[in-house]
Each structure stands twice: as C-alpha cells, then as structure tokens.
Amino acid sequence: MTKRAIRVARMFDGERLVDGGVLVLLDGGRIVDVQRGRAEAPEGWPVREEPNGTVLPGLVDAHVHLCADAGPDALGRLAERPETDLDAVVEASLRAHLAAGVTTVRDLGDRRGAVLRWRAREVRDGLPTVVASGAPVTTVGGHCWSMGGEVSGVDAIREAVRLKAAAGADLVKVMASGGVFTPGTDTTRPQFTDQELTAALTRAHDLGLPVTVHAHALNAVEQALRVGVDGIEHCTCVTAAGAHVPDEVADRLAASGVAVCATLGTDPAVVTPPEVVAMAARAGLSAAALRDGAATLHRAGVRLVAGSDAGLGPAKPHGILPETLVEYVACGIPATAALAAATSVGAEVCGLGRRKGRVRPGFEADLLVVDGDPASDISALRRPLAVYRAGNPVR
C-alpha cells in the first residue's frame, strides 16, 4: 500500500505553524496534497488520525558522527575498529536517529571514508538519508587526526579535497581549530593558514562541493569569514579568556550568510563525567557560554542550522536532536525558528532544499508526527507518535 493519509490538528510546514486541522496525502514516497480543515481523504486511502498531533517535516541533524558509538572516548576508539564493525555502528546510529524523527543526517567526520563506502555499497531505504564529508581535513597531529585526514601544505590540501570528491563526498569538512577531545590541540588558535584554507575552499568549489569548518577559536571564526567558507560548526569564539561571541562578529556572520551549527543538545539523564567537564573547562567552554553564544547568533540574524554532534559520548547519543531544539528555545530562540533550523533551513544547507524539509506537495514524504504543539511547547518533540520515511511508517 503506497497511498496513505494523515489527519492531525496542526502542521509545521517547515516555516510556519498551520492550525485548524490538516490532511496530508502520501503516495509513491511523495506528498501529493496538503489540505486544511476537515477535508476527506479519497476513497480507499487509509487514514491515520492523531487528534492532538502535529505533522512536520522529518528532522535534519546537520552534524553527526555515525561511526562513533556514543560510548566513552567514542572518537578516540575509532582507529582500532574494523570496518565491518563500523558498518554495524553506522546502521545502529541511523536507526536511533530515525526513532527520534530524524530522517536526514549530515555526517561530518568518519574514519577514513567509512560512511561514504557504507553508503555506496548498502541499500537501506528505511534508514535516514545520509549526506557525508568523509574524514575531516586536519593538520598533522591536529584535531581528530586519527580519522585519517591529516595534511600538510597547500598541495596536500588540494589533493585531499580532490580525493574526497572522487570518493563521493557531498561536502568538505575542515578542522580550522583544535578541539576538546584531541589532546595536544588548541581551541584558541587556527590550525591552518589563510592560504591553506583558501586552497581547500577553491578546490572544493571548483569540484562543486561546499566547505564547512570546525571552529572553536575566535580567530579561526574570523579566518573562516575572511576566506568565505560555506559553513561553521560550533562557532564558540574561544580566546584565552573563554568562549564569547562578540556582537560585531555575529553581525558579520549574519551579513555573510554563512550557515552556523551551534551543536547544542545533551541527554539530560546523563551526568557528564568530571574529566570531560574538566577538558571542556580547559578549552574555555562551558554550557552557559555555549547557550549565550547561540542566543547572540540568533539575535544578530545568523543563519542557524540544528546539529547535535551525536555520537561523541554518552551525553551525545544518536537521536538527541530534539534536545538540541529544546536548548535552542531555552536560549531565547523562538520555537518556529528552532524548528525551521531543523527542517527547511537544514535541508537547504545539506543541498536537499528542493525535495526535503517542507510539508509541501511534490516533496519527499519524510514526516514526523508528535503529540502536542511544538510551536508552543518544544518538548513535544520528545513525544513522537509516528515517523514516515519516503512515505512508509517506520514508527
């Protein structure tokens, strides 16, 4: 049966809330019609009724690590795992995302292209769509060097980008600063020169690929703006004094149109181990600073997307994106803006804006139905009633 209908109290269509009853018709993996009020489904179309439900596009998590199993030192342990083991981890990660209503993920760092190879050889129609970068480009001994993306010099960076394009990458991820989970790297300094980062960007754009950069350091964020990258991950603006997003930098980010993923969201039931808290403190990061930074970015009008950094550890399990949006709203971001960051805006940034991220005729029938109204109570995302992937119910 490919024909299905969903009747709910309201709809978030990717941009705005529509109240007063909605009927969504699905056929052949696509949305074929969206009707308001008490419209009747065509004869022979089974209808799922959710009288207090809200239908919205399947969520987009724009920053995940599918190879990482969310255990302690998840990234550090990747180097020792066989690829056959990684395949199982990738699929388990995707199933966890799907259960939470996430139907598209953007993987921003695997182990030596493992996600790209998995995607090329496996057909899993019932799992989320995967947009992937392969291993991140980093300096020798730099952040996440063990994933296999170490380079040194302009020529090596250009060649690394070429190889990623040849392997089927959808974008290029560059570690523009050090990171919390790689000992010996510095979150307050850039890892590459302007010339090196420009070389990566120019080569990627020549090959039709966007570039997003991991940037904690304030001067790495400023470097990314100078060079003109397409996206910035984290964007915490760390200096020796700690993390703080200056208003002037936020205004420049907004004017540039760059997509920023603040990677908030943790499992509230998980107590972060003291050693991890200490690592973050040494890097100049705190939960309050991260929330304040996201609030500053929103007030300035920065193009925010939603990404969880899922897989990094026990507090960042796969499927945690609803908590990212709860934190966005706790920062003062309106719920509809947070929802757009995880639907229409996320789909556009992932290069899928013409077919995903909206409840609209002709778009793919990737849908989430939740109990309640997430536009007035974002915690409704914690209560999924149904998830559809390409028109088929998977929950």
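Residues numbered from 1 in each chain as written. Predicted model: local features only at pLDDT ≥ 70, side-chain atom pairs only at ≥ 80, totals over all residues. Heavy atoms only, no water.

Peer 1: When you look at the pairing of strand S3 (residues 30–36) in this model, what are you seeing that I'm missing?
Peer 2: Each regular strand shows side chains that alternate between the opposite faces of the sheet. Both strand S2 (residues 17–27) and S3 contribute to a ladder of six bridges, which runs antiparallel. For Val-24, the partnering residue across the bridge sits in S3 and is Val-34. Hairpin connection, S2 to S3: the antiparallel pair is bridged by two residues, and Gly-28 has positive phi, about 65°. (Pairing = 2+ DSSP bridges. Helix = DSSP H or I, 4+ residues; strand = E, 2+ residues; numbered from the N terminus.)

Peer 1: Whenever I open this one, the nonpolar core confuses me. Can you help?
Peer 2: One recurring pattern in soluble globular proteins: nonpolar side chains tend to sit buried together. Among the nonpolar cores identified, the biggest contains 97 residues, and Val-174, Val-213, Ile-232, Leu-253, Leu-297, Leu-325 and Tyr-328 are the most heavily contacted of them. Broken down by element, the residue count for this core peaks at six residues, all from helix H5 (residues 218–227). Sequence-distant contacts of Leu-253, that is, excluding residues within four places in its chain, are made with Val-221, Leu-225, Ile-232, Cys-235, Val-258, Leu-297 and Val-302. Grouped together as the second largest cluster of nonpolar side chains are 16 residues, Val-22, Ile-31, Val-359 and Tyr-388 included. (Core = buried A, V, L, I, M, F, W, Y, C linked by side-chain atoms within 4.5 Å. Buried < 20%, exposed > 50% of the residue type's maximum accessible area, 1.4 Å probe, protein only. Contact = heavy atoms within 4.5 Å.)

Peer 1: Help me out: how do you make sense of the sheet that holds strand S18 (residues 392–393) in this one?
Peer 2: Within a sheet, each strand pairs with its neighbour through backbone hydrogen bonds, oriented either parallel or antiparallel. Overall, mixed pairing links the seven strands, which are arranged S3-S2-S1-S4-S16-S17-S18 in an open sheet. Edge positions in the open sheet fall to S3 and S18, since each of these has one partner strand only.

Peer 1: It is not clear to me how the sheet that holds strand S7 (residues 129–132) should be interpreted in this structure. Could you clarify?
Peer 2: Spatially, S5-S6-S7 is the arrangement adopted by the three strands of the open sheet, whose pairing is parallel. Each having just a single partner strand, strand S5 (59–64) and S7 make up the two edges of the open sheet. Direction aside, the axes of adjacent strands within the sheet are offset by 20° on average. Bridge count between S5 and strand S6 (residues 102–107): four bridges; the pairing is parallel. Bridging from a neighbouring strand, Val-64 pairs with Asp-107 of S6. (Axes fitted to C-alpha atoms, helices over the stretch in contact; angles between N-to-C directions.)

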